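Spelled out, the chains give:
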Amino acid sequence: QKRLARNRRLPRDRREALAGLGCISSSHDSVWESHFRALKRFRDRHGHCAVPQQYPRNMKLARWVGNQRFALQRGAVSPARVERLVRLGFLNPAGGGAAGNGNG
């Protein structure tokens, strides 16, 4: 599976599931995981995942959250990542939209 992942022949959701287990990674996956952990810390600190678009404490997180919202609207986020975002509280499970508008 590692060889398939390196050659990009492993389906994206399987690659991400394995990456979540620490089995394989790419620089893109590592960056996503790093931002996801930052979002989790934000949620733990503030009680929600609505990172403001202009969040001076972590502008990279603010940009990443905006990018995730855009990718979700386009359907460009893998099912495994969508599930993780739902469990974190970033997405409303029923409607699939982001929980909070991030403008506060």
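A brief look at the structure comes next. Nothing here was measured: the structure is a model prediction, and the numbers come from that model.

Conventions used here
- Residues numbered from 1 in each chain as written.
- Predicted model: local features only at pLDDT ≥ 70, side-chain atom pairs only at ≥ 80, totals over all residues.
- Heavy atoms only, no water.
- Helix = DSSP H or I, 4+ residues; strand = E, 2+ residues; numbered from the N terminus.
- Buried < 20%, exposed > 50% of the residue type's maximum accessible area, 1.4 Å probe, protein only.
- Contact = heavy atoms within 4.5 Å.
- Core = buried A, V, L, I, M, F, W, Y, C linked by side-chain atoms within 4.5 Å.
- Salt bridge = Lys/Arg side-chain N within 4 Å of Asp/Glu carboxyl O.

## Section: the environment of Gly89
As for its placement among the helices and strands, Gly89 is situated in the segment after helix H5 (79–88). By relative accessible area, Gly89 is classed as partly exposed at 30%.

## Quick notes on the side chain of His35
Following the sequence through the fold, His35 ends up in helix H3 (residues 27–46). His35 has contacts with Lys60, Leu61 and Trp64, leaving out every residue within four places of it along the chain.

## Quick look at the nonpolar core
The biggest cluster of nonpolar side chains holds 19 residues, and the ones touching the most others in it are Leu39, Val51, Leu61, Trp64, Val65, Leu85 and Phe90. Within the residue set of this core, elements represented by two or more residues are H3, helix H4 (59–74) and H5. No other element matches H4, which puts six residues into this core. Those residues in contact with Leu39, other than ones at most four positions away along the chain, are Cys49, Val51, Leu61, Trp64, Val65, Leu85, Leu88 and Phe90.

## Regarding the pattern of salt bridges
Taken as a whole, this structure holds three salt bridges when the rule is applied. One salt bridge in this structure joins Asp29 and Arg81, with 2.9 Å as the shortest N-O distance. Taken as a pair, Asp29 in helix H3 and Arg81 in helix H5 lie far apart in primary sequence, 52 residues in all. Take Asp29: its relative accessible area is 5%, and that puts it in the buried class. Of the residues examined, Arg81 reaches a relative accessible area of 6% and is grouped as buried. With a shortest N-O distance of 2.8 Å, Arg43 and Asp44 are connected by a salt bridge. By relative accessible area, Arg43 is classed as partly exposed at 21%. Using a relative accessible area of 52% as the deciding quantity, one classes Asp44 as exposed.

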